[in-house]
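Descriptive analysis of the structure
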Amino acid sequence: MDSGSHPSRARLCVGLLSGTSVDAVEAVLCRIEGTGAGVRITLLAHVSRPFSPEFTQRVLSAQDARALCELNFALGEHFAEAALEVITRAGLRPEDVDVIGSHGQTVAHWPSSLSDTPSTLQLGEASVIAERTGIAVVSDFRTRDMAAGGQGAPLVPYLDWALFRKPGVARALQNLGGIGNVSVVSERLEDTVAFDTGPGNMVMDGLARRISGGQLSCDLDGHLSREGHVVPHLLEELLAHPFLALPPPRSAGREGFGDALVTRLWERARHTRPQDLMATAVEFTVEATARAYETWLLPRFTLEAVYVSGGGIRNPVLMERLTARLAPLPVHPVDVLGLPEGAKEAVCFALLANEHLAGTPANVPSATGARRQVVLGKLTP
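Residues numbered from 1 in each chain as written. Predicted model: local features only at pLDDT ≥ 70, side-chain atom pairs only at ≥ 80, totals over all residues. Heavy atoms only, no water.

Relative to the helices and strands, Ala 162 resides in helix H5 (residues 157-164). A sequence separation of 125 residues divides Ala 162 from Ala 37, and the C-alpha atoms of the two residues are 6.3 Å apart. The residues touching Ala 162, leaving out its near neighbours within four places in the chain, are Val 39 and Leu 351. (Helix = DSSP H or I, 4+ residues; strand = E, 2+ residues; numbered from the N terminus. Contact = heavy atoms within 4.5 Å.)

Tallying each qualifying case throughout the model produces 0 disulfides. Distance from the sulfur of Cys 13, which forms no disulfide, to the nearest cysteine sulfur (Cys 30) is 7.4 Å. Accessibility expressed as a relative area gives 0% for Cys 13, which makes it buried. (Disulfide = S-S within 2.5 Å. Buried < 20%, exposed > 50% of the residue type's maximum accessible area, 1.4 Å probe, protein only.)

Our focus in this paragraph is unusual backbone geometry. Across the junction of Ala 153 and Pro 154, the peptide omega takes the value -10 degrees, indicating a cis bond. The omega angle of the peptide bond from Ala 327 to Pro 328 is 10 degrees, so this bond is cis rather than trans. Looking at where Pro 328 falls in the secondary structure, it is placed in the loop between helix H12 (316-326) and strand S11 (331-333). At Asp 140, a residue that is not glycine, the phi angle is positive and equals roughly 55 degrees. Relative to the assigned elements, Asp 140 resides in the loop between strand S6 (137-139) and helix H4 (143-147). Within the chain, Asp 221 stands out as a residue other than glycine whose phi angle is a positive 55 degrees. Its location among the elements puts Asp 221 in the loop between helix H6 (202-211) and helix H7 (223-226). Look at Asp 221 and you get partly exposed, because its relative accessible area is 42%.

On to the nonpolar core, then. Soluble, globular proteins show a tendency: their nonpolar side chains are buried together. By size, the foremost hydrophobic cluster in this structure holds 50 residues, and its most contacted members are Val 203, Phe 257, Phe 284 and Tyr 293. Of all the elements, helix H11 (residues 274-297) adds the most residues to this core, at 11 residues. Excluding its chain neighbours within four sequence positions, the residues that come into contact with Phe 257 are Ile 179, Gly 198, Pro 199, Met 202, Val 203, His 241, Phe 243, Leu 244, Ala 252 and Phe 284. Counting residues in each nonpolar core, the second largest holds 42 residues, with Cys 30, Val 347, Leu 352 and Leu 357 among its members. (Core = buried A, V, L, I, M, F, W, Y, C linked by side-chain atoms within 4.5 Å.)

It is worth spelling out the pattern of salt bridges at this point. In the structure shown here, the tally under the stated rule is 23 salt bridges. Put simply, Glu 304 and Lys 166 hold a salt bridge, and the shortest N to O gap is 3.8 Å. Of this pair, Glu 304 sits in strand S10 (residues 303-309) while Lys 166 sits in the loop between H5 and strand S7 (170-176); the two residues are 138 residues apart in sequence, bridging distant segments of the chain. For Glu 304, a relative accessible area of 27% puts it in the partly exposed group. The residue Arg 268 makes a salt bridge to Glu 237 at a minimum N-O spacing of 2.6 Å. (Salt bridge = Lys/Arg side-chain N within 4 Å of Asp/Glu carboxyl O.)

If you trace the backbone, Thr 106 turns up in strand S4 (residues 99-110). Separated by 3.1 Å, the side chains of Thr 106 and Gln 122 make a polar contact. With residues up to four places along the chain from it excluded, the contact list for Thr 106 reads Leu 121, Gln 122 and Arg 142. (Polar contact = N/O pair within 3.5 Å; in protein donor to acceptor, adjacent residues only side chain to side chain.)

Below, the discussion takes up the sheet that holds strand S8 (residues 179-185). The strand order across the open sheet formed by 5 strands is S9-S8-S7-S10-S11, and the pairing between neighbours is mixed. In this open sheet, the two edge strands, each paired with only one partner strand, are strand S9 (193-199) and S11. Each neighbouring strand pair of the sheet contributes to a mean axis angle of 25 degrees, computed without reference to strand direction. Where S10 lies against S11, 3 bridges are found, and the strand directions are parallel. (Pairing = 2+ DSSP bridges. Axes fitted to C-alpha atoms, helices over the stretch in contact; angles between N-to-C directions.)

Spelled out as structure tokens, the structure:
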């Protein structure tokens, strides 16, 4: 294992995560040279290993101590299998790889805006991953930032700055995962602004499961929302969500936009057509995102364009509405910048593992609100 004493040496790094949508483990293998502003990343392989619907439900419903304890180890097995698969896909062996960066599965995230005792919990036992693969694992990337007074999120702005900054312009990188988040990057890391915009796919996914009796995990290809009409009074109620009025730095999760909100919406609108509910949920994401830009970004930056990643990019209705709502600001998939959008977040955790070994701080205090820059993650040899 590389101790970080040779910062110019290229490392082979695996990155792993399963997002707030809890639909799959994303795994990448990257060659990473250097650290900090001079880092260079080459994507060698990417795999996506879907969870079964039963396992997704197990994650979403786990609450008591035993369920969470067992889930931590079960997720570790899933992550280890994904790591071994992506290494094989790249034509390499585990002993060729320097480190695995595993974000794990977020099951609770209570930043200072939601709790007097800020805390966060990601499951996917690093010891299981290290034991199954024989590779050192860096995990728990949020906790040190929170200990330093930050929100512990977002983590992706460091990758956005490292890979996508362009001299002389400001770019917005918008992720539409379960939660929506944006990074605005320019030449200097300390000028980066990033925060959670609000709901991404989480409300739509929860409605899809209810509408279909568990058969659908999302509004597949926008079929439901395209046939629906927005219900104005429901949309206004959703947009009154207190999170949306918070100034950055701010981070959101299942606590604010998960099953409790979906249940309230479902019961409040029991006589509403399912297609209209879904169309309203799409508009909730679009409007929350656009208002975040109008309030916090457009008065401050002249943006070159918005580059979108995350599962929401595969919902054509969501993308059509967001593009229209943000016009004349150009909206593009992040792929046009040279990185497949499905791999982007996993690449972030490969990079954060590399930075841990190099001893390079990788949180972005202007995004998280931390008091200082800190080295992220915990090492399991």
